[in-house]
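Below, each chain spelled out in residue letters.
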Amino acid sequence: MKADADTASTTAGVGEFLRLPPFGRKFGAWAEYIVIPALALLASLVLFGIFVALFGKNPLDLYFFMYQGAFGTWFSWQNTLTRAAPLILTALCTALPAQLGMVIIGGEGALLIGALCATSAALALPAAPPLVVDVAMAFAGMIGGGLWIMLSGALRQYRGVNETISSLLLVYIALAVLNFLVEGPMRDPTSLNKPSTPEIGAANMIGSIPGTDVHWGLAFGIIAAVLSYILIYHTVFGFAARVAGGNIRAAKVVGLSVGKLILIICFLAGAAAGLAGMMEVAAVQGRTNANLAAGYGFAGILVAFLARQNPLAVIPVAVLLGGIGASGGLLQRRLGLPDASVLVLEGTIFVMVLASDSLYGRLGIFKGKS
Amino acid sequence: MTFDKISRRRVLQGTAALTLGTALPLRGAMAAETTIGFIYVGSRDDYGYNQAHAAGAAALKKMPGIKVVEEEKVPETDAVEKTMESMINLDGATLLFPTSFGYYNPHMIKMALKFPKLRFEHCGGLWSDKDPKNAGSYFGYIDEAQHVAGIVAGYSTKSGKLGFVAAKPIPQVLRNINAFTLGAKLANPKVTTQVIFTGDWSMPVKEAEATNGLIDQGVDVLTCHVDGPKTVVENAARRGAMVCGYHVNQSVLAPQAYLTGAEWNWEVLYPRFAKMFTSGETIPNFYRGGLKEEIVKVSPYGPMVSEEAKKKADEVKAALTAGNYVIFKGPLVDNKGNTVVASGVSRGQTDPELEKMSYLLDGVIGATS
């Protein structure tokens, strides 16, 4: 199989249907992937400025406060990065299966199941040293979340169920499972008005990255994104996945085991979201309760699409959305805008980036080198 | 819109702040004022829980020397920690009110430890000696107002069936359901209250379904304990049923069908706290109160409330306000037949047993699990 894959990679054309070429290919194409999204972002900021001006607010104030709230001070940076941390991991839950042409939108479910599994692992090891507990929590969270999304992959592979629908519906099942366990068998009897599991213990909490308030989830997210990028663009396995994503029949003809690819990629995707859930428990909440269903999984879908499903691009996009979230508070407080205005901006960016897809390959300045 | 404001100076200011942002924290600009931060879990105009708090914040805005900063729809994750820090770092807030239950532990506690000189006040939490001294929790015995509303509901119902749309079977909610039912039984001992739990605080579709389902079963007076009672109130009125409100006065949504309601009175409590804070007096770490302390109130009666109902309700309200009335007085039996408050036992409002309530009383149709 390796020989096949290597031969295929040298033939022209195979790379054409892949969204992003690996590093080192045409510089022009790379510039295109930076300039076009930047233009889309700029256009959405202008549109949002007009929208805000219609409500009698000064757009320059808007841009200033957005900058200040997201990146203007060291505190603002930490605020932004804290919000970005879970989004990198949940975005991978959508971006990885996208390489196979699958649209998985159930990262929220994997996050919740990951959090539950991680909490269970910690509660099952009351006497173990913190490092052991944290490693066990991470593995439990990744395995739980991984199996959850793998279920969607298996349903698609063996039963022909649409993975988008099944992964979304599994979110509601995950939420129901979480509520059932938290309000029933796993409930800490002293959690009166906020049904929660018992706490994992202060000693087991994962602290912040030294010198910051940002928890380690950010570092794990970046590592996971880089590993995913290497896996997809620099390994035979990743190449096989992209071939299957481009043309599933061709992949079968050359003898790729598509079913195995689907299951493994879905597992890795779910594991990323499950790790996000574990970090929410181990670094933020200290236990599992309904607070965990904060929509990180759904925000991750937006990040993945804005990053055009590229695992590396997920990192800056997550930081950008984290920044919008961080500055949203300042917009409310200084300009008196409602919270929904931030959603208007996110929606505008989303539409502009998707619409800008049609510009790729059509702007003359990026052509001529290939 | 005002283009004249976009002057060269402003652009220069912006540029300067862009470059010096890290070096120049913006606090101190309003040194003479006390800045108070309010954080809401939902939207400020939800006709419910968050609007009640926003009304309290609005009362503070009228006080001289006080500046209020607000942020809505903040989730109960580390986002609320960052919102608090942002209010402290960028707005100079020194007193913070994170108003949702899930903000308390670990988020507000963490911030109180990080900023020991600032004050944090939480709605609904149970502050204990182990918690930081610069943190506090306050709450109201709103079951007193529910009890009075129950009396009105009991007199108003023709079918003898009341309906209660509730979020989760937790102590605060169960206490409201039981107090409401005990009130209704004062009017008519045969009245029953059918409860439907929707499972979460803001589930408009399920709340509408529950309201319709209850009315289809013959319920003619409804009330609720969810974050935004708008759905229940409007749907009940549309279906021709009567309704008792919750959190704030919802009579504008159903002028005819609105009987009365149990409301928060944060517009009295927050200025009280602000005065203590600005005068250097310590706000008690654990603060509770009901009608007597003006932390809760009862909505004015609607047009359909009978004179008889008003008379009895006013009588009980007066006794509660005077502080010589106990709602949970034994013998009380739950709806499974177990005695939960023995004969001769009076559980007054401050009784910690009531904070752990896990049962539905006789007369309530429904189950906690």
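What counts and how
- Residues numbered from 1 in each chain as written.
- Chains lettered and ligands numbered in written order.
- Predicted model: local features only at pLDDT ≥ 70, side-chain atom pairs only at ≥ 80, totals over all residues.
- Buried ≥ 20, exposed ≤ 12 C-beta atoms within 10 Å, placed from the backbone.
- Helix = DSSP H or I, 4+ residues; strand = E, 2+ residues; numbered from the N terminus.
- Pairing = 2+ DSSP bridges.
- Right-handed = clockwise from strand over helix to strand, strands pointing away.
- Axes fitted to C-alpha atoms, helices over the stretch in contact; angles between N-to-C directions.
- Contact = placed C-beta atoms within 7 Å.
- Parallel < 35°, antiparallel > 145°, perpendicular 65-115°, else oblique.
- Left-handed = near helix turned anticlockwise from the far one by under 90°.
- Nonpolar A, V, L, I, M, F, W, Y, C, P; charged D, E, K, R; others polar.
- pLDDT = per-residue confidence, 0-100.

### Focus on the pairing of strand β9 (residues 242-247) of chain B
Residues and elements named next belong to chain B. Most of β9 is tucked away, with six of its six residues classed as buried. By the bridge criterion, two bridges tie strand β8 (residues 221-225) to β9 in an arrangement that is parallel. Following the sheet pairing, L222 is matched in β9 by V243. For the segment spanning β8, helix α8 (residues 230-238) and β9, crossover handedness is right-handed. As paired elements, β9 and strand β10 (residues 258-264) share four bridges and run parallel to each other. From the neighbouring strand, Y246 faces β10, where its bridge partner is A262.

### What to know about the sheet that holds strand β5 (residues 135-140) of chain B
Residue and element names in this part refer to chain B. Judged by pairing direction, the sheet is parallel, and its six strands sit side by side in the order β2-β1-β3-β4-β5-β11 without closing on themselves. Two strands bound the open sheet, and with one partner strand each, they are β2 (66-71) and β11 (286-289). Mean inter-strand twist for the sheet, computed between neighbouring axes without regard to direction, equals 20°. Bridging between strand β1 (residues 34-39) and strand β3 (residues 93-98) involves five bridges; their strand directions are parallel. Looking at the pairing, T35 lines up with A93 of β3. Contacts from helix α4 (residues 104-114) reach β3, β4 (119-123) and β5, with the element oriented near 165° to β4.

### Re the environment of A:L268
Here A:L268 shows up in helix α11 (residues 258-285). On a C-alpha basis, the gap between A:L268 and A:C93 in space is 7.8 Å, while along the polypeptide they are 175 residues apart.

### Let's talk about the pairing of β4(B)
Residues and elements named next belong to chain B. Summarising burial for β4: five of the five residues are buried, a large majority. Judged by which residues are buried, β4 turns out to be covered on both faces: R119, E121 and C123 on one side and F120 and H122 on the other are all buried. In this structure, β3 lies alongside β4, joined through two bridges in parallel fashion. Along β4, the bridge assignment pairs L95 with R119. One crossover worth recording links β3 to the parallel β4 by way of α4, and it is right-handed.

### Considering the packing of helix α5 (residues 107-124) of chain A against helix α7 (residues 163-183) of chain A
Residues and elements named next belong to chain A. Between α5 and α7, the least distance of the axes is 7 Å, while the angle of their chain directions is 25°. In terms of orientation, α5 and α7 fall into the roughly parallel class. Relative to α7, the crossing made by α5 is left-handed. Side by side, α5 and α7 meet where E108, G109, L112, I113 and L116 of the first sit next to L170, V171, A174, L175, L178 and L181 of the second. In the contact of α5 with α7, the residues fall into nine nonpolar, one polar and one charged.

### Describing the confidence of the model for chain A
Per-residue confidence for chain A averages 89 on the pLDDT scale, and 90% of its residues sit at or above 70. Within the model, the stretch residues 1-18 of chain A combines pLDDT values under 50 with 15 contacts to residues more than four positions away or in other chains.

### Considerations on helix α12 (residues 296-306) of chain A
All names here are of chain A. The buried count for α12 comes to nine of eleven residues, which makes it a mostly enclosed element. Taken together, the buried positions of α12 are occupied by Y296, G297, A299, G300, I301, L302, V303, A304 and L306. Looking at the buried positions of α12, the neighbouring elements they touch are α4 (74-98), α5, α7, α11, α13 (314-335) and α14 (340-356). Of the residues flanking the end of α12, it is R308, one or two places downstream, whose phi is positive at about 55°.

### Looking at the interface of chain B and chain A
Between chain B and chain A, the contact holds 40 residues from the first and 31 residues from the second. Only α1 (8-20), β2, α3 (78-91) and α6 (171-187) of chain B provide two or more residues apiece to the side of chain B that touches chain A. No other element matches α3(B), which puts nine residues into the side of chain B that touches chain A. Partitioned by chemical class, the residues of the side of chain B that touches chain A number 13 nonpolar, 14 polar and 13 charged.

### Side note on the sheet that holds β9(B)
All names here are of chain B. Read from one edge to the other, the open sheet built from seven strands follows the order β12-β10-β9-β8-β6-β7-β17, with strand pairing classed as mixed. Looking at which strands have only one partner, the edges of the open sheet turn out to be β12 (296-298) and β17 (364-365). Looking at chain direction, strand β6 (residues 161-166) and β8 are connected through five bridges and run parallel. Opposite L162, over in β8, you have V221 as the bridge partner. Lying on the sheet, α8 is in contact with β6, β8 and β9; it crosses β9 at an angle near 170°.

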